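Descriptive analysis of the structure
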Amino acid sequence: MFDKISHVDDVDGLLKKKNFGVDDFSPVVSKRRQYFVLSRKRWIIGLSGSDAPKTSKMDAGMGLLLYFHKFSVSSGSSGLILRQLTSCLSKSLCSAQIPQPVLKKKDVGTVNMVGEFVDRRRVTVQGGKGGDGCVAFTKLWANEFAGPDGGDGGNGGHVMFKASFDVKSLALLTPTIKGHPGENGGGSNCHGKNGEHLVVDVPLGTMFKDDETGEVIADLMSPEASVFIAARGGSGGRGNKFFATPGNQSPEIAEFGAEGETIKYIVEMATIAQFGLVGYPNAGKSTLLRAITRARPKVASYPFTTLRPHVGMVFYDDLEQIAVADIPGVIEDAHRNRGLGIQFLRHIQRCVCLLYVIDLSTSNPTPFEILETLKEEIRHYDATMLNRPSMIVANKLDLPEAKANFQDFKSSVGDSMPIIPVSAKFGFNLKDLLIELRKIYDTKQAKEKTVAVEKYEPVRTQQQRKQWRRPPPSTQTQS
Ligand SMILES: Nc1nc2c(ncn2[C@@H]2O[C@H](COP(=O)(O)OP(=O)(O)OP(=O)(O)O)[C@@H](O)[C@H]2O)c(=O)[nH]1
Ligand SMILES: [Mg+2]
């Protein structure tokens, strides 16, 4: 069909030399390559993927543009032709194919996060000290007894903690956090400025426990109820003007500002995710999280690869998102501090559902023994977690040993828990797993909605209000 196919290097020169006009070009779009045909000479300027600059985010039009820019064609007739070509190409592309949605996938970062991860800290929080009151007297000409005018000190600032999506660990919390002090009062009735409240950002899901009793004092679970006043500032001292009485017109006393509250807390961060992966080391938890979400926990064939929790989001096409948390491996006697201990279970304590990731290819211990051990360790941490919905993700089904063990494992588990066999590494059956997750999530959401409706109390009618104000005599005597 064409006389010659060539990749032209000097496009600018070619266009000038041959004196081509805009009409000489007609775009041809083939399935695999985009060409421009110089119709008079039937030459093809190569605009294929291989010739175009290697830019990952490039579409066809951009590729053309960049390609010509490479040869610095930007002005004059060639510039005009270039613009024409671009619009021709985009038009022809649109007419040739059905418009497709642009499913842009963001590049996943390859850099491993190496920052320090801290999920528990003991902090002493101290409210700001109040400013001192002032002892001062008005100085007026020829008026020796003009009276006291010492101003009050400003109040010290509170220390507050605020849950924030932007903070991911407690690494930046210092052992002592002090609020801003109030300013001292001054002469001429000048009151000191109040200290500003100090707001410290902490990750969403941070708990504040009493240092001595371990009682939970605040739980910053949701961004709506997310501010906790941890220590109040001291009030400012009053100046000597305040103490003036008819009996003592020139008091020489003022108050010191009060010290702010000093309280010790244990601050614990608990990841908020709907599903938590729990399993032995090397079971494939991180591989599974990588396969179903964009999270990038490290995967390797040695135990305890994961040292901190990772959370990934599973996206559904109705725009729903479900968070899945991967935690370090749990082993037998982890509650006796073997391995990395069981403290990491805190991160899956609030999960709607636990996913036991079991490596089916092992035979010593058997997959069923592993499951029992995991349950035992969870029982040691918080027995109520075992009452939640749970599911077994039987992993590594691509291995022959796993296939052999599967039936035995299934019969041992019976109907006590649903089992989903998968291969996280090769993506086998992951779709079924995600559909199951969604079903559990939806059931939970529906339940929560029902509870919310039951809790809702309708506005009392006038009649009910009257009854409430004047309870019947029998009720009064009982109470
Ligand atoms: N054949 C096969 N190998 C898998 C599969 N899933 C994970 N692996 C391998 O198992 C090893 C451990 O995987 P990880 O995802 O790091 O396991 P983990 O449970 O996160 O381990 P820890 O972080 O140490 O608790 C890696 O070498 C993976 O390639 C699978 O489905 N099939
Ligand atoms: Mg891991």
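Parameters and conventions
Residues numbered from 1 in each chain as written. Chains lettered and ligands numbered in written order. Predicted model: local features only at pLDDT ≥ 70, side-chain atom pairs only at ≥ 80, totals over all residues. Heavy atoms only, no water. Donors = N, O, S within 2.8 Å, 3.2 Å for Na, K, Ca; no water. Helix = DSSP H or I, 4+ residues; strand = E, 2+ residues; numbered from the N terminus. Buried < 20%, exposed > 50% of the residue type's maximum accessible area, 1.4 Å probe, protein only. Salt bridge = Lys/Arg side-chain N within 4 Å of Asp/Glu carboxyl O. Pairing = 2+ DSSP bridges. Axes fitted to C-alpha atoms, helices over the stretch in contact; angles between N-to-C directions.

For a metal bound by four donors in tetrahedral geometry, the ideal donor-metal-donor angle is 109.5 degrees, whereas six donors in octahedral geometry ideally sit at 90 or 180 degrees. Every protein donor of the magnesium ion (ligand 2) is accounted for by Ser 286 (OG) and Thr 306 (OG1), and the metal-donor separations fall at 1.9 to 2.0 Å. Of this pair, Ser 286 sits in helix 4 (residues 285–292) while Thr 306 sits in the loop between helix 4 and strand 14 (310–315), and the two are 20 residues apart along the sequence. Under the relative-accessibility criterion, Thr 306 is labelled buried at 9%.

Inspection of every chain in the model, using the stated rule, returns 14 salt bridges. For Asp 132, the salt bridge identified is with Lys 129, shortest N-O distance 3.0 Å. Among the residues examined, Lys 129 registers a relative accessible area of 29% and is labelled partly exposed. Of the charged contacts, one joins Asp 219 and Arg 350 as a salt bridge, the two residues approaching to 2.7 Å between their closest N and O atoms. One end of the pair, Asp 219, is in strand 10 (residues 216–220); the other, Arg 350, is in the loop between strand 15 (321–326) and strand 16 (353–359), and 131 residues separate them in sequence. Linked through salt bridges whose partners overlap, the residues forming this network are Asp 119, Arg 120, Lys 209, Glu 268 and Arg 346.

Okay, the sheet that holds strand 6 (residues 159–164) next. Within the open sheet, the three strands sit side by side as 8-6-11. Their pairing is mixed. Each of the sheet's edge strands pairs with one partner strand only, and the pair in question is strand 8 (198–203) and strand 11 (227–231). Strand-to-strand twist in this sheet, taken as the mean axis angle between neighbours without regard to direction, amounts to 30 degrees. In terms of strand pairing, strand 6 meets strand 8 through six bridges, oriented parallel. The partner of Met 160 across the bridge, within strand 8, is Val 199.

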